[in-house]
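Residue-level listing of the chains:
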Amino acid sequence: MNISTNWLGEYVAHGLATDHLADTLTMLGLEVEEVTYVGPEVDGVVVGHVLDTRQHPDADRLTLCTVDLGAHSPDGPVQIVCGAPNVAAGQKVPVATVGTTLMLPSRKDPHTKEPVQIKKGKIRGEVSFGMICAEDELGLGDDHDGILVLDESAEVGTPFADYLEAQGLAERDTVIEIAITPNRPDATSHLGVARDVAAVTHQHLAPPVVDEPEAGGAIAEHVGVEIENEAACPRYAAMLIRGVTVGESPAWLKRRLEAIGERPINNVVDVTNYVLFELGQPLHAFDADLLAGADGSDGSARESTIRVRMSEPGETFTTLDDVERKLPENTLMICDAERSVAIAGIMGGQNSEVSDSTTTVLLESAYFDPVTIRRAAKGLGLQTNASYRFERGVDPNGAVRAAARAAALIAELAGGEIVPGIVDAYPAPIESKEIALRPARVTQVLGVEIDTDEIVRLLTAIGIEVNDDAGTTLAAFAEGVLLGETPEEAAESADDAALRCTVPTFRPDIEREIDLIEEVARLYGYDNIPQPGRTAVPLRPQALAPSLALRHRTLQHLVGLGFREVYSNSLLPNAVAEQFAAESLVGEPWAVAATLNPQSEEMAVLRPSLLPGLLTAMAYNQNRGAGALRLAEFGHVYGRTADAARTAESPVEGYRERTNLIIGMSGRVQEADWDQSARAVDFYDVKGVVAHVLDSLGLPLDSTSVFTEAVTTGDALLAYRLDLKLPGRGGGVVVGTIARVSDALMEQFDLQQQVFFAELDWDALVRRAAKRLGGGYEPISRFPVVERDLAVAVASGEPVGPMLQTVRKAGGKLLQDARVFDLYEGDRIEDGQKSVAFALRFGADRTLTDKQVDKQMKGILKQLTREHSATLRG
């Protein structure tokens, strides 16, 4: 929501500087996202009077001008060199004085502008004390054919900004973009924001004066309104303006709309948009002559009939943007006696739009059910300024006021005449809520005592009517007073003094006493609420769930290894999601899980893998000079599969959802130094990190998991990969993949260095973890250990990892540790053979004899010979 400070100032004289105003709005819960300045940059530009001109002695296309700048040239008129062909004596012109900074076309690229400071200088030998400006040099247009000649009434020396504003040509403005939360529909207008600002600055709120017509009148003879679904459309009001002349809007109206980013169209449509941003009530203008009429219930014929109904199955409708749209089921439609003319609360139709030939305008001002409008807008994939407000809930009791305000402006600007009265179909009026507020409860919740008179002032300032009858207690209210407490809790407070608060219908978010207390805190100022002198700390900190504790510990472990945690978006474009749903990544055939009502094409499908987010983060950092990257992320991945049963992790049948851990590395792992050469990250670095992670979970690689043999995939995603398996039925369960990203994928993501990654099924790992929250205490043995070495010769292609597992398995309970300490190929080793040496440590709760250790050594050698064709080396 864009707020113009000039426009805001029409309703409240807050007196705040822009920065202070932005801070005030943020503290009021209207978070400021951006502050921009609009209008011409003309600081330092003044009105000058060209006294005389003469030809530059050394340049045919330059003119020497003597210019009077009034008070800006105390030493008298100055000389300015000008190259414009239309400069002449007697003209009033805008002059950028020495020191002024203008945004001028760049010499490198004329289509872009850059700041240029005007300096005193010589041009072809003649001194120039400023610059006479053209239209484009002042940001007022694109004309550069000559200088801008001002009206003769312009006063010499006047700041050019003042001249522009006096002429109604342009004005400087500041636009504040605020984020509106869904619970604050009242803040979707300038008046709504002004109401909050007035409350905290103790200033008077000055809403526009509106003469609201009574229901009925002469208009009832010409216009009829029939509501078929009162739940979807509780109120529909219409006014009629005859004899209008559609044309261009006045400068002030166009400036207001352009400042907040809206494009002016014509005086009728611009008025409806103006009132929308002023009061927050969406309006729609129909060409009344294009609406078909029907006989009323009294048998009289009406020129225009409005019928509000739900859409029919398969119905289509062409909207104002010339798009034929298939209407979702139960879309609320505005129709005349023969056809649909608008999608209620979203967009009008081509068949009834206001055009240059329109002379009679039927003005719609309605209240539509927020859920109905939200469902239709999502189904259509169409959000407009109107639907944005109807979805949040406009003021049902402000419809007539907004219609009357717009009708008066249309009559004023388009020369029309308002048909007396208003057609107001409001079968079940929506009443304001009454809520009890106890000042004692305010003190209890906020921790600061606020005077009752101040509470009343704050709430009254934002439109809440407060009845502060002396001696009124909570028990005096009717049963069902809105507190947000149980009847038992309310009964305990029956004797507390209470205020009777009537909440206006433009604040549907205020439903209970605690909501009123929040309003008091917001307006009183969170900075004015003191921090407590002491805070109670629970004796027992809340323990994390085992899976979260493991996740936290693993993340800390990765941070210790130099990794940084990243967060990526869980929504992807459909094409990207389809690409990364490959079985080589997700481990099983998945179909992508699409969202029902995507916010955009870029966020339409849930991610099947964490890899797209990792690669995006890698590319972003690589392209900004980051050489060595180590990134990790925990996140949910999603997919559809026919055999997915409903589980605690995946509560929707047919869909899979699980937590994955992805680890990514690129760049150098070791920089060059005097005693070592540089080394880039390779496949084994990632494999080593995975080994650390598994070991921290009590899943060491050598005993409970197996890496499959690395294979070249040849697909578009991975250059080569290997899988991580945990033992289980059917040959084990794949719980992760370690791979290098393919060259094609690197080019797609604009990656400069190779990326290696591992994506692991975290849920599966947690289920298998033997040490979920860390091991217990084990005392150091008081018995000596026995250390032995064992060297064997095996075929060169024999993998060492399985050999190490065989050693540990054959060593039994006496073998406490085994590791490979040497691998050798060369002299004294037969061709096609290699030597593998193991360091073994034996121990027990007793002193071992050589005979016992020799027996274990023979058993280990026997198993190595049997399973790996190993022979003992001398």
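Because the structure is a prediction, the values reported are computed rather than measured.

## Things to note about the overall build of the protein chain
Helix and strand counts for the protein chain stand at 23 helices and 44 strands. Radius of gyration (C-alpha) of the protein chain: 39 Å, far over the 29 Å computed for a compact globule of 874 residues. Referenced to the eigenvectors of the C-alpha coordinate spread, the extents of the protein chain come out at roughly 115 × 90 × 65 Å. When each of the 874 residues of the protein chain is scored for burial, the buried share is 47%. The contacts of the protein chain with a sequence gap of at least 6 include a subset with a gap of at least 24, amounting to 69%. With an accessible surface of roughly 44,000 Å², the protein chain has 48% of that area assigned to carbon and sulfur atoms.

## Some remarks on the packing of aromatic side chains
According to the stated counting rule, one finds eight aromatic pairs in the structure shown. Considering the side-chain rings of Phe 683 and Tyr 684, the 6.2 Å spacing of their centres and the 85° angle between planes classify their relative orientation as edge-to-face. On the basis of relative accessible area, Phe 683 is assigned to the buried category, the value being 7%. Take Tyr 684: its relative accessible area is 61%, and that puts it in the exposed class.

## Quick notes on the pattern of salt bridges
A side chain of one charge can pair with a side chain of the opposite charge when the charged atoms of the two come close. Per the counting criterion, the structure on display carries 30 salt bridges. In this structure, Asp 424 and Arg 235 form a salt bridge, with 2.6 Å as the shortest nitrogen-oxygen distance. Taken together, the residues span a long stretch of sequence, with Asp 424 in strand β24 (residues 423-425) and Arg 235 in strand β14 (residues 235-242) at a distance of 189 residues. Residues Glu 434 and Arg 500 are paired through a salt bridge, measuring 3.0 Å at the closest nitrogen-oxygen approach. Linking Glu 434 in strand β25 (residues 433-437) with Arg 500 in strand β27 (residues 499-503), this pair joins segments that are 66 residues apart in sequence.

## Describing the sheet that holds strand β42 (residues 815-824)
Pairing between the strands of a sheet comes from backbone hydrogen bonds, and it takes one of two forms, parallel or antiparallel. Taken together, the four strands give an open sheet; going across it, the order is β42-β43-β41-β44, and neighbouring strands pair in antiparallel fashion. The open sheet has two edge strands with one neighbour each: β42 and β44 (871-872). Inspection of the sheet shows strand β41 (residues 786-795) paired to β44 by two bridges, in the antiparallel sense. Bridging across to β44, Val 792 finds its partner in Leu 872.

## Overview of the state of the cysteines
Counted by the stated rule, this structure contains zero disulfides. The thiol sulfur of Cys 233 is not disulfide-bonded, and the nearest other cysteine sulfur, from Cys 335, lies at 11 Å.

## Remarks on the environment of His 204
Structurally, His 204 is set in the loop between α4 (190-201) and β13 (223-227). Under the relative-accessibility criterion, His 204 is labelled exposed at 65%. On a C-alpha basis, the gap between His 204 and Asn 267 in space is 30 Å, while along the polypeptide they are 63 residues apart. Those residues within four positions of His 204 in sequence are excluded, and the remaining contacts are Tyr 11, Val 12 and Ala 198.

## Focus: helix α10 (residues 439-446)
For an α-helix the count is 3.6 residues per turn, leaving residues at separations of three or four pointing the same way. For α10, the set of buried residues is Pro 439, Val 442 and Leu 446. Seen from one end, α10 has its buried residues packed into an arc of 50°, which puts them on one side. Those residues of α10 that are buried lie in contact with β25, α11 (452-461), β27 and α13 (513-524). Of the residues flanking the end of α10, it is Gly 447, one or two places downstream, whose phi is positive at about 75°.

## Topic: α4
In a regular helix each residue adds 1.5 Å, so 12 residues correspond to 16 Å; α4 covers 16 Å between its end C-alpha atoms and thus fits that length. Two residues or fewer after α4 comes His 202, characterised by a positive phi angle close to 60°.

## Things to note about the nonpolar core
Among soluble globular proteins, nonpolar side chains are generally buried collectively. Core analysis: the biggest nonpolar cluster contains 53 residues, and Leu 25, Ile 178, Val 193, Val 268, Val 275, Leu 363 and Ile 410 have the highest contact counts within it. When neighbours within four sequence positions are excluded, Ile 178 is seen to be in contact with Met 1, Ile 3, Leu 25, Leu 30, Glu 31, Val 32, Glu 33, Ala 187 and Val 193. With 42 residues, the next largest nonpolar core counts Ala 232, Ala 377, Leu 380 and Val 394 among its residues.

## What about the pairing of strand β40 (residues 755-761)?
Taking burial as the measure, the seven residues of β40 include seven buried ones, the bulk of the element. The alternating pattern of β40 places Val 755, Phe 757, Glu 759 and Asp 761 and Phe 756, Ala 758 and Leu 760 on opposite faces, both of which are buried. With five bridges joining them, strand β39 (residues 733-741) and β40 adopt antiparallel strand pairing. Paired with Gly 736 across the two strands is Leu 760, which belongs to β40.

## Things to note about unusual backbone geometry
Despite not being glycine, Asp 750 shows a phi value in the positive range, around 60°. Counting through the fold element by element, Asp 750 comes out in the loop between α20 (743-748) and β40. Exposure remark for Asp 750: the relative accessible area of 42% places this residue in the partly exposed category. Despite not being glycine, Arg 828 shows a phi value in the positive range, around 65°.

## Describing the sheet that holds strand β1 (residues 2-4)
On the basis of which strands lie adjacent, the open sheet formed by three strands has the order β1-β12-β2 and antiparallel pairing. Since the sheet does not close on itself, it has two edges, and those belong to β1 and β2 (31-38), each with one partner. Strand after strand, the sheet turns through a mean of 25° between neighbouring axes, direction not considered. Alignment of β1 against strand β12 (residues 173-179), held across three bridges, turns out to be antiparallel. Across the sheet, the residue bridging to Asn 2 is Glu 177, located in β12. Its contacts with the sheet place helix α2 (residues 18-27) against β2 and β12, and it is angled at close to 155° to β2.

## Focus: the side chain of Thr 100
Considering the arrangement of structural elements, one finds Thr 100 in the loop between β6 (92-96) and β7 (101-105). Relative accessible area serves as the criterion here: at 4%, Thr 100 is assigned to the buried category. At 2.9 Å, the side chain of Thr 100 and the backbone oxygen of Thr 97 are in polar contact. Leave out the neighbours within four places in its chain, and Thr 100 touches Asp 43, Gly 44, Val 45, Val 116, Gln 117 and Ile 118.

## Regarding the packing of helix α6 (residues 267-279) against helix α9 (residues 399-414)
Contact geometry of α6 with α9 gives a least axis separation of 9 Å together with a crossing angle of 145°. At the point where α6 passes α9, the crossing takes the right-handed sense. Of the residues in α9, those in contact with Asn 267, Val 268, Val 271, Tyr 274, Val 275, Glu 278 and Leu 279 of α6 are Arg 401, Ala 402, Arg 405, Ala 406, Leu 409, Ile 410, Leu 413 and Ala 414.

## Digging into the side chain of Asp 685
As for its position among the elements, Asp 685 is in helix α18 (residues 683-696). Given the relative accessible area of 17%, Asp 685 is considered buried. Reaching out from Asp 685, the side chain makes a polar contact with the backbone nitrogen of Asp 682 at a distance of 2.9 Å. Sequence-distant contacts of Asp 685, defined by excluding residues within four places in its chain, comprise Met 665, Val 669, Arg 679 and Ala 680.

## Focus: the pairing of strand β43 (residues 833-842)
Of all 10 residues that make up β43, eight are buried, and the element is covered over most of its length. Here β41 pairs with β43 via 10 bridges, running antiparallel. Of the residues in β43, the one forming a bridge with Glu 787 is Arg 841. Alignment of β42 against β43, held across eight bridges, turns out to be antiparallel. Bridge pairing in β43 links Tyr 824 to Ser 835.

## So, a negative patch on the surface
Together, Glu 449, Asp 451, Asp 453 and Asp 468 make up a negatively charged patch on the protein surface. Within the fold, Asp 468 resides in the loop between β26 (465-467) and α12 (487-492). Assessed through its relative accessible area of 39%, Asp 468 is described here as partly exposed.

Reading the values: the criteria
Residues numbered from 1 in each chain as written. Predicted model: local features only at pLDDT ≥ 70, side-chain atom pairs only at ≥ 80, totals over all residues. Heavy atoms only, no water. Helix = DSSP H or I, 4+ residues; strand = E, 2+ residues; numbered from the N terminus. Rg over C-alpha atoms; globule rule 2.2 N^0.38 Å. Buried < 20%, exposed > 50% of the residue type's maximum accessible area, 1.4 Å probe, protein only. Contact = heavy atoms within 4.5 Å. Areas by Shrake-Rupley, 256 points an atom, 1.4 Å probe, with all protein chains shown as cover. Phe/Tyr/Trp six-rings, centres within 6.5 Å; stacked < 30°, edge-to-face > 60°. Salt bridge = Lys/Arg side-chain N within 4 Å of Asp/Glu carboxyl O. Pairing = 2+ DSSP bridges. Disulfide = S-S within 2.5 Å. Arc of directions from axis to C-beta. Expected span 1.5 Å × (residues − 1). Core = buried A, V, L, I, M, F, W, Y, C linked by side-chain atoms within 4.5 Å. Axes fitted to C-alpha atoms, helices over the stretch in contact; angles between N-to-C directions. Polar contact = N/O pair within 3.5 Å; in protein donor to acceptor, adjacent residues only side chain to side chain. Left-handed = near helix turned anticlockwise from the far one by under 90°. Patch = residues over 30% accessible without salt bridge, like charges linked within 9 Å, V, L, I, M, F, W, Y side chains within 5 Å. Lys, Arg positive; Asp, Glu negative; His and termini not counted. Charge placed at Lys NZ, Arg CZ, Asp CG, Glu CD.

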